[in-house]
Amino acid sequence: MRRTAASKTTAAMVERTSEVRYMSRVAQGDGVPDAESKGDTVPVVPWPERAESGDWLGEDKAVVVISVDVDAESPVLARGEHYINHLTTMSHQAYGPRVGVSRILDLLERLDVPSTFFIPGASAQRWPSVVESVRDRGQEIGLHGFTHRHPVHLSEDEQRAELENSLKTFARFGVTPRGYRAPNWEMTRYTLDLLPEYGLAYDSSLMDDDRPYVVLAGAGRQRVAELPVHWLLDDWEQYAFLPEPNIGQLIEAPSKVVDLWTSELDAMRDHGSLCVLTVHPFLTGRPSRLRALESFIRFAQGCGDVRFATAGEVADRVLAPERFIP
């Protein structure tokens, strides 16, 4: 039987009504749950409870964290292990640990800028010299999953295993990471609640503010600093391109990216924001893009009221129970 447009519309309305009534939990944002709600409500977002933050900004107008995600081959292999036989694709990703990391480290050292490198455990195992170089040159190392599989697609046991395997990997290098970043920034409440259990003081995966804040996570409602991020300040959306798998299909001019990033930081100075810039060595390690990163850093340094810090340093100030005194 062929359905008319009207019957299709009616069926869709019935289906939607059933779907809404199935959503029996009340949304939590700024709203207050209605005790008399019987069924026409929406699901609860499992927001963590927030707590008072320390003075992380001080006398500055903005703080910049240069974060470097050393993904290497991991995000591609997370989409399918058969890509390990795609030699050109693997070489595209290997540019990061082979070339990009050392160039970025050299730039940061020359400009005297601290940073935080988030490294998947599997990438650390494939490229131990990278971990040693970052460690020995005094930059912070944070967790970035183990396989770079996204927590939202993993079971609770798998999410826990990703954390444990990563921590074991970095322990072999004498490194004890203090923070975490979810692969692809796809965080779950379960992984967030695991962080204090494993001694992790901060996360940098969420996007509901441009200033850091404290959440109460885990069974003990322990304080964890959240350092928010955004796609706007990520080089992946500007530079990533591969025919297969499709990790991106657009290559922007570095000059456009410099304007994008410096404009955002300049505006952030009006709001007392945290600017978490995220770069990937296989992308920003390329010459013209490295120059773009330098231009951004020099712009920030020229402002006179912008401070650079590692993610861990910001987290320490956020978690301080009283006003931070340097």
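Here is what the cut-offs are and how they apply
Residues numbered from 1 in each chain as written. Predicted model: local features only at pLDDT ≥ 70, side-chain atom pairs only at ≥ 80, totals over all residues. Heavy atoms only, no water. Helix = DSSP H or I, 4+ residues; strand = E, 2+ residues; numbered from the N terminus. Buried < 20%, exposed > 50% of the residue type's maximum accessible area, 1.4 Å probe, protein only. Contact = heavy atoms within 4.5 Å. Polar contact = N/O pair within 3.5 Å; in protein donor to acceptor, adjacent residues only side chain to side chain. Salt bridge = Lys/Arg side-chain N within 4 Å of Asp/Glu carboxyl O. Expected span 1.5 Å × (residues − 1). Arc of directions from axis to C-beta. Axes fitted to C-alpha atoms, helices over the stretch in contact; angles between N-to-C directions. Parallel < 35°, antiparallel > 145°, perpendicular 65-115°, else oblique. Left-handed = near helix turned anticlockwise from the far one by under 90°. Nonpolar A, V, L, I, M, F, W, Y, C, P; charged D, E, K, R; others polar.

Considerations on the environment of Glu52
- Along the chain, Glu52 falls in the loop between β1 (49-51) and β2 (62-69).
- According to the relative accessible area criterion, Glu52 is exposed, its value standing at 66%.
- Put simply, Glu52 and Tyr213 are 161 residues apart on the chain and 7.6 Å apart in space, counted from C-alpha to C-alpha.
- If sequence neighbours within four positions are ignored, Glu52 has contacts with Val214 and Arg223.

A few points about the side chain of Glu252
- Considering the arrangement of structural elements, one finds Glu252 in the loop between α8 (236-239) and α9 (254-268).
- Its relative accessible area of 17% is what places Glu252 among the buried residues.
- In this structure the side chain of Glu252 is engaged in a polar contact, spanning 3.0 Å, whose partner is the side chain of Lys256.
- Setting aside residues up to four positions removed in sequence, Glu252 forms contacts with Gln238, Tyr239 and Val257.

Overview of the environment of Cys303
- For Cys303, the location among the structural elements is in helix α11 (residues 287-303).
- Along the backbone, Cys303 and Lys61 are 242 residues apart, and their C-alpha atoms lie at a distance of 9.5 Å.

Side note on the pattern of salt bridges
- This model, assessed by the stated rule, comprises 20 salt bridges.
- The residue Asp69 makes a salt bridge to Arg181 at a minimum N-O spacing of 2.9 Å. Highlighted residues: Asp69 in strand β2 and Arg181 in the loop between β5 (179-180) and α7 (189-194), separated in sequence by 112 residues. Exposure class is identical for Asp69 and Arg181. Each is buried.
- Salt bridges sharing partners connect three or more residues here, namely Arg50, Asp208, Asp209, Asp210 and Arg211.

Some remarks on unusual backbone geometry
- Following Glu244, the chain continues into Pro245 via a peptide bond in cis, with omega recorded as -10°.
- As for its placement among the helices and strands, Pro245 is situated in the loop between α8 and α9.
- Even without being glycine, His148 reaches a positive phi, approximately 70°.
- Within the secondary structure, His148 sits in the loop between β4 (140-143) and α6 (156-171).
- You can call His148 buried: its relative accessible area is 5%.
- Although it is not a glycine, Trp185 adopts a positive phi angle of roughly 60°.
- Among the secondary structure elements, Trp185 is positioned in the loop between β5 and α7.
- On the basis of relative accessible area, Trp185 is assigned to the buried category, the value being 8%.

Topic: α9
- In a regular helix each residue adds 1.5 Å, so 15 residues correspond to 21 Å; α9 covers 21 Å between its end C-alpha atoms and thus fits that length.
- Among the residues of α9, Pro254, Val257, Val258, Trp261, Thr262, Leu265 and Met268 are the ones counted as buried. Down the axis, α9 shows its buried residues gathered within 115° of arc, on one side only.
- Those residues of α9 that are buried lie in contact with β2, α8, β9 (273-279) and α11.

Examining the packing of α9 against α11
- Running from N to C, α9 and α11 point in directions that differ by 25°, and their axes come no closer than 9 Å. It follows from the interaxial angle that α9 and α11 lie roughly parallel. Between α9 and α11 the crossing geometry is right-handed. Listed contacts from α11 to Pro254, Val258, Trp261, Thr262, Leu265 and Asp266 of α9 are Ser288, Arg289, Ala292, Ser295, Phe296, Phe299 and Ala300.
- Residue classes in the contact of α9 with α11 are distributed as eight nonpolar, three polar and two charged.

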